[in-house]
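As a plain string of letters, each chain reads:
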Amino acid sequence: MTATGRILRIERLSGFDGDGLRTVVFLKGCPLACRWCSTPESQRSGTDFGVNRSKCTGCFDCVEKCPEKALAWDMKSERFVTDTQRCTDCRRCVAACPAGARQAWGYTADVDEIYREVEKDSLFYYHSGGGITVSGGEPLAQPEFTRELLERCLAHGINTAIETSGFVPWINMARVLPFTDTLFFDIKHVDDKTHKEITGVSNKRIIENLKAADAANAADYRRSLIVRMPVIPDVNDTDDNFRALGGLCRGLKRLAGIQLLPYHRLGMETYRRMALPYDLESLKPPPEEEMERYAGILRQSGLSVSTGG
Ligand code: SF4
Ligand code: SF4
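The rules behind each value
- Residues numbered from 1 in each chain as written.
- Chains lettered and ligands numbered in written order.
- Predicted model: local features only at pLDDT ≥ 70, side-chain atom pairs only at ≥ 80, totals over all residues.
- Helix = DSSP H or I, 4+ residues; strand = E, 2+ residues; numbered from the N terminus.
- Rg over C-alpha atoms; globule rule 2.2 N^0.38 Å.
- Buried ≥ 20, exposed ≤ 12 C-beta atoms within 10 Å, placed from the backbone.
- Core = buried A, V, L, I, M, F, W, Y, C linked by C-beta atoms within 7 Å.
- Near = placed C-beta within 6 Å.
- Nonpolar A, V, L, I, M, F, W, Y, C, P; charged D, E, K, R; others polar.
- Pairing = 2+ DSSP bridges.
- Right-handed = clockwise from strand over helix to strand, strands pointing away.
- Axes fitted to C-alpha atoms, helices over the stretch in contact; angles between N-to-C directions.
- Parallel < 35°, antiparallel > 145°, perpendicular 65-115°, else oblique.
- Left-handed = near helix turned anticlockwise from the far one by under 90°.
- Contact = placed C-beta atoms within 7 Å.

Chemist: What exactly am I supposed to notice about the overall build of the protein chain here?
Modeler: A tally of helices and strands in the protein chain yields 11 helices and 13 strands. The C-alpha atoms of the protein chain give a radius of gyration of 20 Å, which matches the 19 Å a tight globule of 309 residues would have. The buried share of the protein chain, taken over its 309 residues, is 39%.

Below, the structure written as structure tokens:
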């Protein structure tokens, strides 16, 4: 019996999340609530539901076929509401939708099943030097599943990477590090007070874990650490924040580089489908020259920095 995990989806042939071509396994469940999150469907561990309103014909077959009376149309807000306490995740509402408008995000699968999916891309890994990247949600919130999956991949010569928010008990990270070739470590803001305001949690544990991961024994850690910071206009794009990030990263001995990731709006349609408010509607992605200027601030600390993604 292999460990089971809560999976969001698998995306193939990513050229960004590690060396070569990657198969990215997105897990469900995240301890942070970032205001700019581009994957709101990844935040809860449980299944999420949504409706593509441009396809929906208003037939209400989905509501009628729900055996638990968990799904209703709310006249006041003019949206479908799923009672997560009653919902048994039977997916009859999805199957009943004649327009293919109702959708579900999230499923449970074990390591054997996910490894079989990952293994299908072996030829791409062979030719590109790529491998698997486990992302989220938060992969280290499911440490047993992530560890077992990465261990299996390594045993078959598949390169491994994880993307973490760092907001997990250290023991979760320590269990997975020995099976991780590349650790992508997100820092959203260096100032703790602002970090709490924009993500809902303190960054103290995150920074402690970053330092502990950097200091881990060579035998407990396979290759490289890359720090990532999303650049969100008017949220964390101050010169002071980049200077502070430079100060934090300067002392890291395993650091292979820093990646600055410009804010993008690709998640907006998912917010619409999930009928969630998106409070950064008017925000524009930062221009390339601004991204380069931020990178320049970090380079003054002698760090290797790339932008994009
Ligand atoms: S998954 Fe099943 S229980 Fe949940 S809303 Fe759909 S039909 Fe109802
Ligand atoms: S079954 Fe599909 S098309 Fe009909 S109301 Fe539900 S989501 Fe809309």
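Chemist: What is the right way to read the nonpolar core from this model?
Modeler: Residues Val25 and Leu149 are the most contacted members of the largest nonpolar core, which totals 56 residues. Among the nonpolar cores identified, the runner-up in size contains 8 residues, and Val51, Cys62, Leu71 and Cys93 belong to it.

Chemist: What's the story with unusual backbone geometry in this structure? I'm lost.
Modeler: Trans is the prevailing form of peptide bonds, just as negative phi is the prevailing case for residues other than glycine. The omega torsion of the bond from Gly136 to Gly137 falls at 5 degrees, within 30 degrees of zero and hence cis. Looking at the secondary structure, you find Gly137 in the loop between β8 (131-135) and α5 (143-155). One non-glycine residue, Glu78, lies in the positive phi region at around 55 degrees. Residue classification places Glu78 among the exposed residues on the basis of 9 C-beta atoms within 10 Å.

Chemist: Is there a simple way to think about the site of ligand 1 in this case?
Modeler: Around ligand 1, the surrounding shell consists of Cys66, Glu68, Ala70, Leu71, Thr82, Cys87, Thr88, Asp89, Cys90, Arg91, Arg92 and Cys93. For the shell around ligand 1, the per-class residue count stands at 6 nonpolar, 2 polar and 4 charged.

Chemist: Looking at this structure, I do not really get the pairing of β8. What am I missing?
Modeler: For a regular strand, side-chain orientation follows a simple rule: the groups alternate between the two sheet faces. β8 sits mainly inside the fold: 5 of its 5 residues count as buried. Note: strand β2 (residues 22-27) against β8, 5 bridges, orientation parallel. The partner of Arg22 across the bridge, within β8, is Gly131. Bridging between β8 and strand β9 (residues 159-164) involves 4 bridges; their strand directions are parallel. For Ile132, the partnering residue across the bridge sits in β9 and is Thr160. Note that the unit made of β8, α5 and β9 has a crossover that is right-handed.

Chemist: What exactly am I supposed to notice about the packing of helix α3 (residues 111-119) against α5 here?
Modeler: Contact pair α3 / α5: the axes reach a minimum separation of 10 Å and the direction vectors enclose 45 degrees. Of the possible angle classes, the one that applies to α3 and α5 is oblique. Considering the relative orientation of α3 and α5, their crossing is right-handed. Across from Val111, Ile114, Tyr115 and Val118 in α3, the residues of α5 making contact are Phe145, Glu148, Leu149, Arg152 and Cys153.

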